[in-house]
Structures are given as C-alpha cells and as structure tokens.
Amino acid sequence: MRTEGGLKRRLNRAFLLQAAAISVAAVVGVYLAAAILQQVLVTEALRQEAEYFWTRHARDPQAALPDTRNLRGFLAAAPDAARLPAELRGLDAGFHDLPGTAAATTVYVAERAGQRLYLVFDSERVNELAAYFGLVPLVLVLLLLYLSVWLAYRASHRAVSPVSWLAREVNRLDPDAPDPSAFAPANLAPDADQEVRVLATALEGFARRLRAFVERERNFTRDASHELRTPLTVIRIATDLLLADPTLSGAGRTGVERIGRAARDMQGLVEAFLLLAREADPILAREPVCVNEILGAELERLPLLAGQKPIELHSAATCRLLVNAPPAVVAVLLGNLLRNAYAYTDTGRIRVRIEPHRVVIE
C-alpha cells in the first residue's frame, strides 16, 4: 500500500528541495559576485587611468589622450565643451552609463585645474569576460552539487529500501496464518545495515510466536468446546428426565428448570466458542441471511427462559434486514443478546425492533 507520506517520497522531496535551494543560492551568488567584481574592476581601472593621465599631463601638456580599442579619452575646458561628442555634453564629474548606446558604455569624468577628462570605456568585453568567468565556476559548482546530491540519494535509497521492504511484508502479514519466513534476514540485500537485520530477526521471531499463539488458541478453543459438549448433553438429558417425573415437587421442578436453562445458555456459549475457533473454516463462508427469520426463531425460545418473571415481549420490524455473514454467528449473537435481556430484567417489558442497518433490544 502506497501512502502520500511514504519515507522514500519524503526523502526524494527533501533532496530535490535541497538541490533546488542550493542551486538558486549558487546562481544568485555567482551572478552577484560577477556583477560586483565587474563594477569594482571597471571603476577602479578608470580611476587609475585618469590618475595616470593627469600625471603625464602635468609633465607634458601635449601628452596623448588614451585611445585604444575599448578606451577613448577627451580633454576639454569649459569653453571647449562644444568640441565634445554630443552624448558627453552636460555630464558632471563621476561615473555615468550612457543611455541609448548599442554597447555597454561607461563614462568617467574627472576634473582638475579647470579641465575635464572624459574617459569613455566600452565595457561590453568586460561584461562578456565577467559572465564567462562567472558561468564556468557556476557550472562546476552545480555539477559538483548535483553529483553529491545524487550520491547521497543513492546512499539513502539503499538504506531505506530494506525498511520499505519490511513495511510491505508487515502490511501483507496475515494474523491468522503468519509466515515467519517472510521476514528472514536471508531475504535482505547483502549490503543491508545491521540495524535492519536486527529488526528483521525480531519480526521473524514475532511472527513465529504469533503463529504458535494463534494455533494454540484455536486448538484450545476447539478442544474445550468439544469436551464441554458431552457434560452439557448429559445435564440436559438428566433435566429432561427429572422434569418428566410426575412426583417431582414444585420447588424441585423450579430448580431443575433453572439448571436446564443454564445448561442451554452454556451450550450456546460453547457453540460461540466453537464458531470462533473455526473462523477461517469454509463452513463459516459468508452469505446473505435474513435477520428477521433468525430473530423470529430465537424469540420462540425466549418464553422458556422467562420462567415466572412478569416480562412482556414486544417485537416489531420496519424492514426486511439482510446481512452478509455466517448464519450461525448471527444466531449466536442474537441469542446471547436476548438471553442477557431476560437475565437482567426482573419485571417490565423487552422491546425488539428491526430497523434499517440495525437491531435494537431494549
């Protein structure tokens, strides 16, 4: 039987959630680190480049401006701002990201001695390198993570599988005919843990004791029922003979009738024991039986039990009640209930009603 909260399923969910959480954390962490590193590298490189230019410019006012594949420099005083490219005009000192450009462009504006240095850096290549050097470690981290999760899952699966096997065997255990060999440690995998083997050995011993107990109880009930039938039969025959004696006094007849009623009650109890002992026998095969008919037959025997008690019996049925059960068991059950009703009622009335799905005895 599979349940929603099975141990294996819970472990699988735990491993998947753990892998997902660590993966998200790794992705976010790597990309944040790459973004921060990229920002620090670009800004620090532009500051150093500006300081280096101002140093050269102080020695040689005609020093060439930076002009490489990724970096271009512009130097202008306030009156010469019109000579700058249109996208650089109006920028204050500091770092700026130029909007509307095809590539990622960072501008650093440094001002000194009334002059402004504009360093225009194409950071597209830096973004590519940062993404590349961030993606490679990320892939390696995720591969290592998934490998460790898979190995942990395999190890937990091997550890849990014997427990699941034991759970299935316990679920299939028939209490009436337990099979101890189903829990034999030899049925376990060779690499099963020692704790699982101890548990399997304990379950095997329990099943063996349970089978012996069931068999002993069944034999005792069957033998006791058979052995009690003989003295009960003798008692009933003796009471019938005594009741047939016309010389028996009134007090003696009352006592003999009580002995006969007790013998009949005891015989009904013995029959119940015998039926319980043969619970799994084919003779007790279930079949649809009419409770009305069985109850009517039991009610016919009740006046003999009432004796001299002032008890009125009322019976009624609102439906025809059918149950799927052994007829003998239904008869013993109803007979015991009715006898108890008479035994514990000294005066008054006993009401018996058959209703849908139940029989009421008051």
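Residues numbered from 1 in each chain as written. Predicted model: local features only at pLDDT ≥ 70, side-chain atom pairs only at ≥ 80, totals over all residues. Heavy atoms only, no water.

Some words on the sheet that holds strand E4 (residues 115-122)
Here is step 1: Here we have 4 strands laid out as an open sheet, ordered E1-E4-E3-E2, and antiparallel in their pairing. Both edges of this open sheet fall to strand E1 (71-77) and strand E2 (94-97), since each of them pairs with a single strand only. Direction aside, neighbouring strands of the sheet carry axes that sit 20° apart on average. (Pairing = 2+ DSSP bridges. Helix = DSSP H or I, 4+ residues; strand = E, 2+ residues; numbered from the N terminus. Axes fitted to C-alpha atoms, helices over the stretch in contact; angles between N-to-C directions.)

As for helix H6 (residues 327-343)
Here is step 1: Taking 1.5 Å as the rise per residue, H6 with 17 residues should run 24 Å; its terminal C-alpha atoms sit 24 Å apart, in good agreement.
Here is step 2: Regarding H6, the residues found buried are Val330, Val332, Leu334, Gly335, Leu338, Arg339, Ala341 and Tyr342. (Expected span 1.5 Å × (residues − 1). Buried < 20%, exposed > 50% of the residue type's maximum accessible area, 1.4 Å probe, protein only.)

Considering the pattern of salt bridges
Here is step 1: Scanning all chains against the criterion turns up 8 salt bridges.
Here is step 2: Glu355 serves as the salt-bridge partner of Arg353, at 3.0 Å between the closest nitrogen and oxygen.
Here is step 3: For Glu355, a relative accessible area of 17% gives the class buried.
Here is step 4: Shared partners join several salt bridges into a network, and the residues in it are Arg353, Glu355, Arg358 and Glu362. (Salt bridge = Lys/Arg side-chain N within 4 Å of Asp/Glu carboxyl O.)

Details of the packing of aromatic side chains
Here is step 1: In total, this model carries 2 aromatic pairs according to the counting rule given.
Here is step 2: Plain terms: the ring middles of Phe95 and Tyr108 are 4.4 Å apart, the flat faces sit at 25° to each other, and that makes the pair stacked. One end of the pair, Phe95, is in strand E2; the other, Tyr108, is in strand E3 (residues 105-112), with 13 residues separating them in the sequence.
Here is step 3: Take Phe95: its relative accessible area is 28%, and that puts it in the partly exposed class.
Here is step 4: A relative accessible area of 14% means that Tyr108 is categorised as buried. (Phe/Tyr/Trp six-rings, centres within 6.5 Å; stacked < 30°, edge-to-face > 60°.)

Observations regarding the sheet that holds strand E9 (residues 358-361)
Here is step 1: The 3 strands are arranged E6-E8-E9 in an open sheet whose pairing can be described as mixed. A strand with exactly one partner marks an edge of an open sheet, and here the two such strands are strand E6 (311-317) and E9. When strand polarity is set aside, the average angle formed by the axes of neighbouring strands in this sheet is 10°.
Here is step 2: Across 4 bridges, the pairing between strand E8 (residues 348-355) and E9 is antiparallel. Its bridge partner being in E9, Val352 is matched across the sheet by Ile361.
Here is step 3: Relative to E9, H6 is tilted by about 20°, and along the sheet it contacts E6, E8 and E9. (Contact = heavy atoms within 4.5 Å.)

Note that every value here comes from positions in space, so none of it alone points to a role or purpose.
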